[in-house]
Structures are given as structure tokens and as C-alpha cells.
Amino acid sequence: MPINVQIDMLIKKLGIKKVEFAKRLKIDQSYVTRLIKRDNKPSERLIDDICREFGVNEVWLRTGEGGDENMFTKTDEDGRYSLNLGKLSVTENQIARNMLNAIAEASPEKLKHIEEFMKECLGIK
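Residues numbered from 1 in each chain as written. Predicted model: local features only at pLDDT ≥ 70, side-chain atom pairs only at ≥ 80, totals over all residues. Heavy atoms only, no water.

A. Examining the packing of aromatic side chains more closely. This model, assessed by the stated rule, comprises one aromatic pair. With a centroid separation of 5.0 Å and an interplanar angle of 10 degrees, the aromatic rings of Phe21 and Phe54 are classed as stacked. In this pair, Phe21 sits in helix H2 (residues 18–25) while Phe54 sits in helix H4 (residues 44–54), placing the two residues 33 residues apart along the sequence. Comparing Phe21 with Phe54, the two get one shared label, buried. (Phe/Tyr/Trp six-rings, centres within 6.5 Å; stacked < 30°, edge-to-face > 60°. Helix = DSSP H or I, 4+ residues; strand = E, 2+ residues; numbered from the N terminus. Buried < 20%, exposed > 50% of the residue type's maximum accessible area, 1.4 Å probe, protein only.)

Below you can see the structure in the form of C-alpha cells.
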């Protein structure tokens, strides 16, 4: 499958708009539109950026190999934590930054309350 189809599928699977996809990659939204329409071909750097930013399997992005089940890279819990911490360290979302700081600086007692609240919010038992 052509890479433009893969990029379009990825954006839909992520459930985000092209503008958000572009913003996270620090590219123009109109460029994303041209990529999807096949007016442009992504650079090697952009392919690397997409894979890193969204945890995408590069082989899938380039070829579609393995179908939707192969769209994202498989990581263990430590790898997932590291990737997410990296994303949070550069986010401009002030709420996410405040939450991260609150969790990191919480006393054990407060951390237990935060944990209970998050489990309730996320439906985790």
C-alpha cells in the first residue's frame, strides 16, 4: 500500500485531526493534506518523526505489512513509560505538565489518593 494511505489510516486510528497530527510533527497542516492526497512524498526524517512521535512501526508505515495489528510498535511497560515520559517532557499542554508535577511531588499519602482517583476515572480496578 502507498505510504499516503498508511498516513491517512494512522490519523484516523489515532482519532485526531490533521491539524493536531501536523502540530505534533511541527509541520504545516496543508503539507499533511498534500501527503495524504499523494501530492508530496514524506522525507526520511518525517517518516522517522512519525514513527517516534506516535509509536508507529516503520515497516507498516512504509508498506502496510501486517495490517492494522502491526501499525504500532510493541513495547514493554518500561519502554512505554519512557516514551510517554518523553512526550510529556515536551508537551505544551499546561494541564498535563501540572498533573505530572503534582504526581512527581506528591507525598505517599497524596499519591495514594491520586491513584484511587485515576483508577476511578479510568475504570481500572
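Structure's up, so let's keep going.
B. Spotlight on H2. Within H2 the residues assigned to the buried category are Phe21, Ala22 and Leu25. For H2, the arc enclosing every buried residue in end-on projection is 95 degrees, short of the 170-degree limit, so these residues lie on one face. In H2, those exposed residues whose orientation departs by more than 90 degrees from the buried face are Val19 and Lys23. Buried residues along H2 sit in contact with helix H1 (3–14), helix H3 (29–36) and H4. (Arc of directions from axis to C-beta. Contact = heavy atoms within 4.5 Å.)

C. Region of interest: the nonpolar core. Membership of the largest hydrophobic core comes to 20 residues, with the highest contact counts inside it found for Ile7, Leu10, Phe21, Ile50, Val56 and Leu61. Of all the secondary structure elements, the ones that give two or more residues to this core are H1, H2, H3, H4 and helix H5 (58–63). The leading source of residues in this core is H4, at five residues. Not counting the four nearest positions on each side in its chain, Ile50 is found in contact with Ile7, Leu10, Phe21, Leu25, Gly55, Val56 and Leu61. (Core = buried A, V, L, I, M, F, W, Y, C linked by side-chain atoms within 4.5 Å.)

D. Summary view of the pattern of salt bridges. Evaluated as defined, the whole model comprises eight salt bridges. Note that Arg24 and Glu53 form a salt bridge whose closest N and O atoms lie 2.9 Å from each other. Pair noted here: Arg24 is in helix H2 and Glu53 is in helix H4, with a separation of 29 residues, a long-range link. We classify Glu53 as buried; its relative accessible area is 18%. Between Glu115 and Lys119 there is a salt bridge; the shortest N-O distance is 3.2 Å. With Glu115 and Lys119 both in helix H8 (residues 108–122), this residue pair falls four residues apart, about one helical turn. The class of Glu115 is partly exposed, set by a relative accessible area of 35%. Here Lys119 falls in the partly exposed class, since its relative accessible area comes to 32%. Connected through salt bridges with shared partners, the residues Glu44, Glu58 and Arg62 form a single ionic network. (Salt bridge = Lys/Arg side-chain N within 4 Å of Asp/Glu carboxyl O.)

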